[in-house]
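Structure at a glance
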Amino acid sequence: MSAWRGSRCGSLCLGGRAAARRSALLRQRAGTGTGTGTGTGTGPCSGNGGGVRAGAGGFRPSRVAVVAKTTRYEFEQQRYRYAGLSEDDLRQLLALKGSNYAGLLERHRIHTKNVEHVVDSLRNERIEVRLVKRREYNEETVRWADAVISAGGDGTMLLAASKVFDKFKPVIGVNTDPERSEGHLCLPVRYTHSFPEALQKLYRGEFRWQWRQRIRLYLEGTGINPVPVDLHEQQLSQEQHSRAHINERFQDQRSDISGPHLLPVRALNEVFIGESLSSRASYYEISVDDGPWEKQKSSGLNVCTGTGSKAWSYNINKVANQAVEEILNIAKKHGSLNTPLNTELIQKVTNDYNDSLLYSPEEPKMFFSIREPIVNRVFSSSRQRGFSSKVCVRSRCWDACMVVDGGTSFEFNDGAIASILIDTEDALCTVLLEE
């Protein structure tokens, strides 16, 4: 594994401009904590972990890429554009599906207005801006920018982060529709309408750098296909998803690579492994922290970061008040619990357990969850969930996928082996504004 850690695919190599920025930032560590990269404005402070306060000079980028989400209204327009539908036709079609055309249009206008506010705020500060949509967002745009701003919700933040491999290039999320989007990964909601205030805090250094750890993946084995399929915005059905993987396999001659192959993605939230058809049990072998291999059947495997511990992983593992109450009543019946049960106690126990599922985004460890494991005389599940530094999975599936942050999918069928781990060099640079 040590040899794997040292390997880098082409997309991870630092170019001249990025190398100059990195050198400047490393000099900052030994100096005053402020400094300027080559043509990039004042760069982020380097540090040993998240929560590192910015230097006195703050952060002032010269070029910013703004990645705007595709709204549901835009998606429906694109979806039916081939049929030459007019706006009135689209309104009628959406009504037949039970969707509210006026509501979608209103949310689109709110999002658009907030994106314009962010872009105008940047340009008023004489910052060069490149506004891109999902399909226009690529590695060249990332190389061009000193910082990346996602304008949307958490999904857009995941997209923006997916193409950033430079540990010292900040990615900042702005929630452009707070009424409909939670925005856990974005700046506090009040900055949606007062983005200039956020910029001033960046300039004055009134924030802290937070390096969110990410998961890297190695793939090896027989008949693997390391070419990803982008699931964002496509709304692929199970049949279309399988066909997409088949097409990619025939279009790319690297499908016979035996590996280990470092995949060109990093997971900010989680990695999910399972059969494409959700009603079919996933069959695989798993090894945690180089332990013994265990054959398992389940509804799939989720491996998350500290960032992702608040997302899907949390909803997989959290318990409800009802379950806690029933368990405590059983314990009481067996004479193992003498404390009187009341709503307050049940809520406290529930909260304590659910809070234990969460951990800091900066911590270089993962949390794995086996969804609905099948346990019988053939299959076991010695650990249904837990923290780990490395998880290896050998597929015995028929039509399975390994999905990164819900947006990038890799074929993962019988004979493929995935090694899932965290390397601190993959951390994503984000900001926490001081309030």
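Residues numbered from 1 in each chain as written. Predicted model: local features only at pLDDT ≥ 70, side-chain atom pairs only at ≥ 80, totals over all residues. Heavy atoms only, no water.

**Quick look at the overall build of the protein**
On a plain count of helices and strands, the protein comes out with 12 helices and 22 strands. For the protein, the proportion of its 435 residues judged to be buried stands at 49%. For the protein, contacts bridging at least 24 residues in sequence account for 72% of all contacts bridging at least 6. Looking at the protein as shown, the accessible area adds up to about 20600 Å², and 49% of this sits on carbon and sulfur atoms. (Helix = DSSP H or I, 4+ residues; strand = E, 2+ residues; numbered from the N terminus. Buried < 20%, exposed > 50% of the residue type's maximum accessible area, 1.4 Å probe, protein only. Contact = heavy atoms within 4.5 Å. Areas by Shrake-Rupley, 256 points an atom, 1.4 Å probe, with all protein chains shown as cover.)

**Overview of helix H3 (residues 72-80)**
Turning to H3, its buried residues are Tyr73, Glu74, Phe75, Glu76 and Tyr80. Contacts from the buried residues of H3 go to helix H4 (87-96) and helix H5 (101-124).

**Focus on the pairing of strand E22 (residues 428-433)**
For E22, the buried fraction is high: five of the six residues fall into the buried class. Bridge count for strand E8 (residues 207-212) against E22 is six bridges, and the pairing is antiparallel. Bridge assignment links Phe207 to a residue of E22, and that residue is Leu433. (Pairing = 2+ DSSP bridges.)

**Thoughts on the environment of Phe387**
Residue placement: Phe387 occurs in strand E17 (residues 385-388). For Phe387 and Lys365, which are 22 residues apart along the polypeptide, the C-alpha to C-alpha distance reads 6.8 Å. Among all residues touching Phe387, those that are not within four sequence positions of it are Asp289, Ser356, Tyr359, Lys365, Met366, Phe367 and Phe368.

**Section: the nonpolar core**
Proteins that are soluble and globular tend to have nonpolar side chains buried together. The biggest cluster of nonpolar side chains holds 30 residues, and the ones touching the most others in it are Val66, Leu122, Ile149, Leu187 and Phe195. Looking at this core, the elements with two or more residues in it are strand E4 (63-68), H5, strand E6 (147-152), strand E7 (171-175), helix H8 (195-204), E8 and E22. Examining the composition of this core, we find that five residues originate from one element, H8, more than from any other. Every residue in contact with Phe195, bar those within four places of it in the chain, is listed here: His117, Val118, Ser121, Leu122, Ile149, Val174 and Leu187. With 27 residues, the next largest nonpolar core counts Ala267, Val288, Met402 and Ala416 among its residues. (Core = buried A, V, L, I, M, F, W, Y, C linked by side-chain atoms within 4.5 Å.)

**Here we look at the state of the cysteines**
Inspection of every chain in the model, using the stated rule, returns zero disulfides. No disulfide involves Cys401; its sulfur sits 9.6 Å from the nearest other cysteine sulfur, which is in Cys397. (Disulfide = S-S within 2.5 Å.)

**Observations regarding the sheet that holds strand E10 (residues 229-230)**
The seven strands are arranged E10-E20-E19-E12-E15-E16-E17 in an open sheet whose pairing can be described as antiparallel. At either end of the open sheet lies a strand with only one pairing partner, and these are E10 and E17. Bridging between strand E15 (residues 301-304) and strand E16 (residues 366-370) involves four bridges; their strand directions are antiparallel. Bridging across to E16, Val303 finds its partner in Phe368.

**Some points on the sheet that holds strand E14 (residues 294-298)**
The strands making up a sheet associate through hydrogen bonds between their backbones, and the pairing can be parallel or antiparallel. Taken together, the six strands give an open sheet; going across it, the order is E11-E9-E21-E18-E13-E14, and neighbouring strands pair in antiparallel fashion. This sheet does not close on itself; its edge strands, each paired only once, are strand E11 (261-262) and E14. Inspection of the sheet shows strand E13 (residues 282-288) paired to E14 by five bridges, in the antiparallel sense. Note that in E14 the partner of Ser282 across the bridge is Ser298.

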